[in-house]
Amino acid sequence: MRRKAKKVIKELLYTLIPGKALLQRVKVQNKVYLTFDDGPHGENTPRLLDALKEAGARATFFVVGKEVEKYPYLLQRIKDEGHLIGGHSWSHDKLPLLSFTKAWHEFIKTKKSIRKAIAIDTILYRPPFGWITVPMILYAVLGRMRLIMWSIDSNDDSTQSSMAIIERGREAKGGDIFLCHDDNSGIIEALPVLVKEWQSRGLKVCALDE
Ligand SMILES: [Zn+2]
């Protein structure tokens, strides 16, 4: 019983510790964690996957359920090429503005859509807009998922300039989680340059399970 209580507390703490805090805890010094939100995207995701394959890099894709339903073959490709997959809500709505039940469905339906498309049970979830609220923490505990934030935002959703994204990426150090989006074009050009730079600095570009 005591062991079970300890396990529950540990899981709760894991859920509460977002992104970088968790990684700093395990003292990751030589890895950058590349993450892509809001996909899969019909045009951009294949190009991002090509670039990652070319560079020998892995990433984590936090996908939106209704896009998974449109592009299940892209989710399959993400999995087949060795990347990690997490949930990012069903429709990317502002969950805190929805009723508790509606927001829970937004949360859990994504996990189910991933399971339906590629038969895996993801345990990672990034809340839309990075909004961690008390209900969100409860959803994560109920859904047995871990909330993952980021430590550096590429700002690719506010700039189309690949140069600005590269500049931002240059700030990354070991243990950082770098936020990008599938549906922004600036990252397509920036990605190969950034990955090369990180690798030349001795940083391995990883998914969140490494
Ligand atoms: Zn998003």
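Residues numbered from 1 in each chain as written. Predicted model: local features only at pLDDT ≥ 70, side-chain atom pairs only at ≥ 80, totals over all residues. Heavy atoms only, no water.

## Examining the side chain of E67
Here is step 1: Within the secondary structure layout, E67 lies in helix 4 (residues 65-70).
Here is step 2: Excluding its chain neighbours within four sequence positions, the residues that come into contact with E67 are D38, G39 and P40. (Helix = DSSP H or I, 4+ residues; strand = E, 2+ residues; numbered from the N terminus. Contact = heavy atoms within 4.5 Å.)

## A short note on the nonpolar core
Here is step 1: Counting 32 residues, the largest nonpolar core has L34, F36, L52, F61, L75, L191 and W198 as its most contacted members.
Here is step 2: Counting only elements with at least two residues in this core, the list comes to strand 1 (31-37), helix 3 (44-55), strand 2 (60-63), helix 5 (72-80), helix 6 (100-118), helix 8 (162-169), strand 7 (177-181) and helix 9 (186-200).
Here is step 3: In terms of residue count, helix 9 provides more of this core than any other element does, 7 residues in total.
Here is step 4: When sequence neighbours within four positions are dropped, the list of residues in contact with F36 reads L48, L52, A59, T60, F61, F62, C180, H181, D182, I187 and L191. (Core = buried A, V, L, I, M, F, W, Y, C linked by side-chain atoms within 4.5 Å. Buried < 20%, exposed > 50% of the residue type's maximum accessible area, 1.4 Å probe, protein only.)

## Considerations on helix 8
Residues lying three or four places apart along an α-helix face the same way, a consequence of the helix completing one turn every 3.6 residues.
Here is step 1: Taken together, the buried positions of helix 8 are S162, I165, I166 and G169. Considered in projection along helix 8, the buried side chains sweep an arc of 100 degrees and stay on one side of the axis.
Here is step 2: Against the buried residues of helix 8 lie strand 7 and helix 9. (Arc of directions from axis to C-beta.)

## Some details on the pattern of salt bridges
Here is step 1: Applying the stated criterion across every chain, the model contains 13 salt bridges.
Here is step 2: As a salt-bridge pair, E67 and K66 come within 3.5 Å of each other at their nearest N and O atoms.
Here is step 3: E67 sits in the buried class, given a relative accessible area of 13%.
Here is step 4: Overall, K66 belongs to the partly exposed group, its relative accessible area being 36%.
Here is step 5: The partner of K204 in a salt bridge is E210, and the shortest N-O contact between them spans 2.8 Å.
Here is step 6: Taken together, the shared-partner salt bridges connect D50, K53, R77 and E81 into one network. (Salt bridge = Lys/Arg side-chain N within 4 Å of Asp/Glu carboxyl O.)

## Overview of a nonpolar patch on the surface
Here is step 1: Among the surface-exposed residues, F100, L138 and L142 lie close enough to one another that they form a single nonpolar patch of about 290 Å² accessible area.
Here is step 2: Within the secondary structure, F100 sits in helix 6.
Here is step 3: A residue is classified by how much of its surface remains accessible, and F100, at 42% relative accessible area, is partly exposed. (Patch = residues over 30% accessible without salt bridge, like charges linked within 9 Å, V, L, I, M, F, W, Y side chains within 5 Å. Areas by Shrake-Rupley, 256 points an atom, 1.4 Å probe, with all protein chains shown as cover.)

## Examining the pairing of strand 7
Here is step 1: Most of strand 7 sits inside the fold, with 5 of its 5 residues counted as buried.
Here is step 2: Examined bridge by bridge, strand 1 and strand 7 share 5 bridges and lie parallel to one another. When the bridges of strand 7 are listed, F36 appears paired with C180.
Here is step 3: As judged from the 2 bridges shared by strand 6 (residues 152-153) and strand 7, these two strands associate in the parallel manner. Directly across from D153, in strand 7, lies its bridge partner L179. (Pairing = 2+ DSSP bridges.)

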